[in-house]
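# Inside the fold
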2 protein chains.
Amino acid sequence: MTTTVITNIGSLVTNDPALGEGPLGLVGNAALVLDGETVAWAGPAVRAPAADHRVDAAGRAVLPGFVDSHSHLVFAGDRTAEFNARMSGRPYEAGGIRTTVAATRAATDAELSANVARYTREALRQGTTTFETKSGYGLTVEDEARALRIAAEHTDEVTYLGAHIVAPDHADDPAAYVDLVTGPMLDACAPYARWIDVFCEKGAFDGDQARAILTAGKAKGLLPRIHANQLSYGPGVQLAVELDAASADHCTHLTDADVDALASGDTVATLLPGAEFSTRAAWPDARRLLDAGVTVALSTDCNPGSSFTSSMPFCVALAVRDMRMTPDEAVWSATAGGAAALRRTDVGRLTPGARADLTVLDAPSHVHLAYRPGVPLVAEVWRRGVRVA
Amino acid sequence: MTTTVITNIGSLVTNDPALGEGPLGLVGNAALVLDGETVAWAGPAVRAPAADHRVDAAGRAVLPGFVDSHSHLVFAGDRTAEFNARMSGRPYEAGGIRTTVAATRAATDAELSANVARYTREALRQGTTTFETKSGYGLTVEDEARALRIAAEHTDEVTYLGAHIVAPDHADDPAAYVDLVTGPMLDACAPYARWIDVFCEKGAFDGDQARAILTAGKAKGLLPRIHANQLSYGPGVQLAVELDAASADHCTHLTDADVDALASGDTVATLLPGAEFSTRAAWPDARRLLDAGVTVALSTDCNPGSSFTSSMPFCVALAVRDMRMTPDEAVWSATAGGAAALRRTDVGRLTPGARADLTVLDAPSHVHLAYRPGVPLVAEVWRRGVRVA
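These numbers were taken from a predicted model, which means no experiment stands behind them. (Residues numbered from 1 in each chain as written. Chains lettered and ligands numbered in written order. Predicted model: local features only at pLDDT ≥ 70, side-chain atom pairs only at ≥ 80, totals over all residues. Heavy atoms only, no water.)

### Overview of the overall build of chain A
Convention followed: Helix numbering and strand numbering both begin at the N terminus, where a helix is a DSSP run of H or I of at least 4 residues and a strand a DSSP run of E of at least 2. Between the two quantities, the radius of gyration covers C-alpha atoms and the globule rule is 2.2 Å times the number of residues to the power 0.38. Residue exposure (1.4 Å probe, protein chains only): buried if accessible area is under 20% of the type maximum, exposed if over 50%, otherwise partly exposed. Note on contacts: a residue pair is in contact if any heavy atoms of the two residues lie within 4.5 Å. Residue exposure ignores everything except the shown protein chains as possible cover, and the areas themselves are Shrake-Rupley values with a 1.4 Å probe.
Each helix and strand in chain A was counted, giving 14 helices and 17 strands. Over its C-alpha atoms chain A spans a radius of gyration of 21 Å, differing by no more than 12% from the 21 Å that the globule rule assigns to 389 residues. Relative to its full complement of 389 residues, chain A shows a buried share of 63%. Expressed as a percentage of contacts within chain A between residues at least 6 apart in sequence, the contacts between residues at least 24 apart total 69%. Carbon and sulfur atoms make up 51% of the accessible area of chain A, which amounts to about 13000 Å² in all.

Encoded structure:
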């Protein structure tokens, strides 16, 4: 393979404490050697081995590409009017998720795929090199399977979320809908998905339903993750730990027992500040989780209803300002944390053997992602060793 | 002159209620005709007059270029370590403004000018077509005049802020520093500036000092504006109205009498949410000001200490989420509001005779600036009729 050395890196985030300072494994005046699609070496520039090509980072910061472990990109339509009314304090008969379900069912495969491609490109330009995405706006056997087939054209991290809400068609018989989700819909969807997810919340699925759904998914070889404790206290987080889910997502309303459970298990707490931002909700308490030793990830929750941002840098800035993470913690959670929430070790770090997925910032340090909020600082994005944005 | 019609505009913000719906003068399915540097016509696409050239906006939204009426771009150095310590809860001997004063004094003219150019370009890519910028990191006769001379190379909206803080060299004789600011420093600076500003705050300049400074500036033909009521209650806002300042900036701590004064005069209240974001301070109450009939502008306050963002879209999103402005109000305040805060009628609107300064969003509506926070939505920027970004 051809090797490339990126040198004159002002500050390199490796996420390997053995390679540099602190949990981020920070190296100043650094270099990174890529061998094809893979990181071959990371360390001080003065010690960098030779390579076929040389790229000068001009003192800029380099960090692993963001890993966005929670998004809902297979949808059609938008909900501008609903958002505008909510933020303007005007009454509005909001259809919520149902509005997007209707628009998504009515869209063609090509329209849905183009939409996923559009938001993927948008996220890539902002430094996201790995992303998970979910179904959940189809809610019939055919529409859920279609959503996952389309998602799988764009990413390996595909999540079956037939249990997003009870399908409008089954509103008066939720038990029958759970049977569908755990039966024929699961059969149709499992071939396209790595993960199974459920929205465990009042008005969506209760703890028993969520357990049934995730357990059925596990039996089909899917790995569990869960929307838990977003809008109210509930059983989701402890269920996630009990089932060894990779991640409990949202975690806005947590009891001490929830925090203890997360700290004792291998389930990552994935925080989605875009959702609290766009719904004017109270912030999850990241500080409490971190201080208890919980592994925290940050993700966008990109969806047209409650969090229509694709920007991981924006989520980092919110996490620091409003969830009291330090800039270092937020950057770790948006990279290595996201990888942990997807049980991946090949991304979210820039260490020998990892995928050469990285972001060059137009700034000397990763701290600038919080210090310069809203500013598009991502100057270059490399994926699998190739400069793609 | 050559004329250009931009047609197939999904939604056009004119900021002229006579041209369209509401205070934004919104026109759906719109066209805009430019004649050289100027807007010649705005209205429904089906009624657009012919032009020499035709540009298809492909259904995207068009709005006036942002008018950023408050920034501090003539500086050197950065304060990453101070920001990082503040947000991480670590003790840090912060030099604050003094740190930047020392770095700015030590910089060459070329370094300072390059810095202004860099942040101006960055802001332009985010849709800012008019910006004000200040001195205030020199604090000697020579360094203040130099800052303004450099600022004037980049913008017409130049503000003399010798009264940013009492210069460290005069720390034990503030009265002598006020004499300098209103005497030799003013004489040296007035030729380069349109505006005079003062930071009226405990620890900076009190009401009497602020009145003396602004009054001296007015006598030299400078127009007053003021940093008022940012960190605490104080006399700044009422002084601004008394002196017919164009703008009272920050307005975070207001009494009912302050709000009444603003509502009764022609002084704009300029809110700077980037500062509250980056210092974890309480938000100004935009709703209260708007409901009282005060004219509100939004601006970045871009500076390396308390608000290192150049992003007007980010400020719009914060204004909606955290200051309870509607998306329409926030967009108006970031365009027409900023123009009012600079007493300009030629920018901040897209009406016949106005400057052809505009932004094309990669979105169907201006609401997306708040609905899609953090996402770089600015697809094109036109200044004086020329596509520049």
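### Points about the pairing of strand β15 (residues 358-361) of chain B
Residue and element names in this part refer to chain B. We count it as follows: Only strands that DSSP links by at least two bridges are regarded as paired with each other.
Side chains L358 and V360 project from β15 onto one buried face, and the interleaved T359 and L361 project onto a second face that is buried too. Pairing between strand β5 (residues 61-64) and β15: 3 bridges, direction antiparallel. Paired with P64 across the bridge in β15 is L358. Sheet topology note: the β15/strand β16 (residues 378-383) ladder contains 4 bridges and is antiparallel. Paired with L358 across the bridge in β16 is W382.

### Observations regarding the interface of chain A and chain B
Note the cut-off: As a working definition, buried area equals the accessible area (1.4 Å probe) given up by two parts on being put together, with both sides summed. When a carboxyl oxygen of Asp or Glu is within 4 Å of a side-chain nitrogen of Lys or Arg, the pair counts as a salt bridge. Counted as a polar contact is a pair of N or O atoms within 3.5 Å, where, for protein atoms, one must be capable of donating a hydrogen and the other of accepting one, and residues adjacent in sequence contribute only when both atoms are in side chains. Residue polarity follows a fixed list, in which Ala, Val, Leu, Ile, Met, Phe, Trp, Tyr, Cys and Pro are nonpolar, Asp, Glu, Lys and Arg are charged, and the others, Gly among them, are polar.
Of the residues lining the interface, 46 residues belong to chain A; the matching set on chain B comes to 46 residues. In terms of surface lost to chain B, no three residues of chain A exceed R280(A), R321(A) and Y371(A), which account for 22% of the buried area on that side. Between R372(B) and E122(A) there is a salt bridge whose closest N-O contact spans 2.8 Å. The interface formed by chain A and chain B holds 27 residue pairs in polar contact (both at pLDDT 80 or more) in total. Going through the elements one at a time, α1 (80-88), α3 (109-125), α10 (273-279), α12 (312-323), α13 (327-341) and α14 (368-371) of chain A are the ones with two or more residues in the side of chain A that touches chain B. Element by element, the count of residues in the side of chain A that touches chain B is highest for α12(A), at 6 residues. Of the residues contributing to the side of chain A that touches chain B, the split by class is 22 nonpolar, 12 polar and 12 charged.

### Observations concerning the relation of the copies chain A and chain B
Our working rule: The superposition of copies rests on a least-squares fit of C-alpha positions from residues with pLDDT of 70 or more in both.
For these two chains of identical sequence, chain A goes onto chain B by a turn of 180° and a shift of 0.0 Å along the axis, with RMSD 0.0 Å. These values place the two chain copies in the arrangement generated by a two-fold rotation axis. In terms of proximity to the rotation axis, the leading residue of chain A is G374(A), whose C-alpha is 2.6 Å off the axis. Comparing interface residues between copies, 100% of those in chain A also lie at the interface in chain B; the contact surface is shared.

### A word on the environment of R280(A)
Here R280(A) lies in the loop between α10 and α11 (286-291). Apart from residues lying up to four places away in sequence, R280(A) is in contact with R86(A), M87(A), V320(B), R321(B), R324(B) and M325(B). Polar side-chain contacts of R280(A) include one of 3.1 Å to the backbone oxygen of M87(A).

### Digging into unusual backbone geometry
Unusually for a residue other than glycine, L139(A) sits at a positive phi of about 65°. Here L139(A) is to be found in the loop between β7 (128-134) and α4 (141-152).

### So, the domain arrangement of chain A
Residues and elements named next belong to chain A. Stated formally: An automatic or database domain assignment is the source of the domain bounds shown.
In terms of domain boundaries, chain A breaks down into domain 1 (3-65 + 349-387) and domain 2 (66-341). A C-alpha centroid distance of 29 Å is found between domain 1 and domain 2. In this assembly, 18 residues from domain 1 lie in contact with 18 residues from domain 2. Contact with domain 2 buries surface across domain 1, with G65, L369 and R383 losing the most and accounting together for 30% of the total. Linking domain 1 with domain 2 are 0 salt bridges.

### Notes on the packing of aromatic side chains
To be explicit about the condition: Within 6.5 Å between ring centres, the rings of Phe, Tyr and Trp (the latter by its six-membered ring) count as paired, and their orientation is classed by plane angle as stacked under 30 degrees, edge-to-face over 60, tilted in between. In this scheme, the term charge over a ring applies when either NZ of a lysine or CZ of an arginine sits within 6 Å of the ring centre and within 35 degrees of the ring normal.
Counted under the stated rule, the structure contains 15 aromatic pairs over all chains. Taking the centre distance of 5.1 Å and the plane angle of 35° together, the rings of F83(A) and Y371(B) count as tilted. Here F83(A), found in helix α1, pairs with Y371(B), found in helix α14 (residues 368-371), and the two come from separate chains. Neither residue differs from the other here; F83(A) and Y371(B) are each classed as buried. Here R225(B) stacks its cationic end above the ring of W195(B), 4.4 Å away from the centre of that ring. The lysine or arginine in question, R372(B), covers the ring of F308(A), its NZ or CZ lying 4.0 Å from the ring centre.

### Side note on the pattern of salt bridges
All names here are of chain A. For the structure shown, the criterion picks out 48 salt bridges over all chains. In this structure, D197 and K134 form a salt bridge, with 2.8 Å as the shortest nitrogen-oxygen distance. On the criterion of sequence distance, the pair formed by D197 in strand β9 (residues 195-200) and K134 in strand β7 is long-range, its members being 63 residues apart. Judged by relative accessible area, K134 falls into the buried class, the value being 0%. For E157, the salt bridge identified is with R194, shortest N-O distance 3.0 Å. Within this pair, whereas E157 is found in strand β8 (residues 157-163), its partner R194 is found in the loop between α6 (184-189) and β9, the two being separated by 37 residues in sequence. A relative accessible area of 2% means that E157 is categorised as buried. Salt bridges sharing common partners tie together D109, D143, R146 and R149.

### A look at the packing of helix α3 (residues 109-125) of chain B against helix α4 (residues 141-152) of chain B
Residue and element names in this part refer to chain B. Defined as follows: Axis definition: a line fitted to C-alpha atoms, over the contacting stretch in the case of helices. Angles run 0 to 180 degrees between N-to-C directions. Roughly parallel refers to an angle under 35 degrees, roughly antiparallel to one over 145, roughly perpendicular to one between 65 and 115, and oblique to any angle outside these ranges. The handedness criterion is simple: a crossing whose near helix is rotated anticlockwise from the far helix by less than a right angle is left-handed, and one whose near helix is rotated clockwise is right-handed.
At their nearest, the axes of α3 and α4 sit 10 Å apart, and the two run at 45° to each other. In terms of orientation, α3 and α4 fall into the oblique class. As for the relative orientation of α3 and α4, their crossing is right-handed in sense. Listed contacts from α4 to D109, L112, S113 and V116 of α3 are R146, R149 and I150.

### Quick look at the nonpolar core
Generally speaking, soluble globular proteins have nonpolar side chains that are buried together. The following threshold applies: For the purposes of this section, nonpolar cores are sets of buried Ala, Val, Leu, Ile, Met, Phe, Trp, Tyr and Cys residues that join through side-chain atoms within 4.5 Å.
Counting 200 residues, the largest nonpolar core has Y160(A), I226(A), L262(A), Y160(B), I226(B) and L262(B) as the members making the most contacts within it. Excluding its chain neighbours within four sequence positions, the residues that come into contact with L262(A) are V237(A), V241(A), A248(A), C251(A), L254(A), T267(A), A269(A), L289(A) and V294(A).

### Describing the state of the cysteines
Let me state the cut-off plainly: What counts as a disulfide here is a pair of cysteine sulfur atoms lying within 2.5 Å.
Within this structure, the stated rule accounts for 0 disulfides over all chains. With no disulfide partner, C315(A) has as its closest neighbouring cysteine sulfur the one in C302(A), 9.2 Å distant.

### Brief notes about the side chain of K134(B)
One polar contact links K134(B) to D197(B), side chain to side chain, over a distance of 2.8 Å. Those residues in contact with K134(B), other than ones at most four positions away along the chain, are H70(B), S71(B), H72(B), V74(B), T159(B), L161(B), D197(B), R225(B) and H227(B).

### Quick word on the packing of helix α5 (residues 174-182) of chain B against helix α7 (residues 207-219) of chain B
Residue and element names in this part refer to chain B. Where α5 meets α7, the closest approach of the two axes is 9 Å, and the angle between their N-to-C directions is 15°. Classified by the angle between their axes, α5 and α7 sit roughly parallel to one another. You can see that α5 and α7 cross each other, and the crossing is right-handed. In this structure, α5 uses P174, V178, V181 and T182 to contact α7, whose residues at the interface are Q209, A212, I213 and A216.

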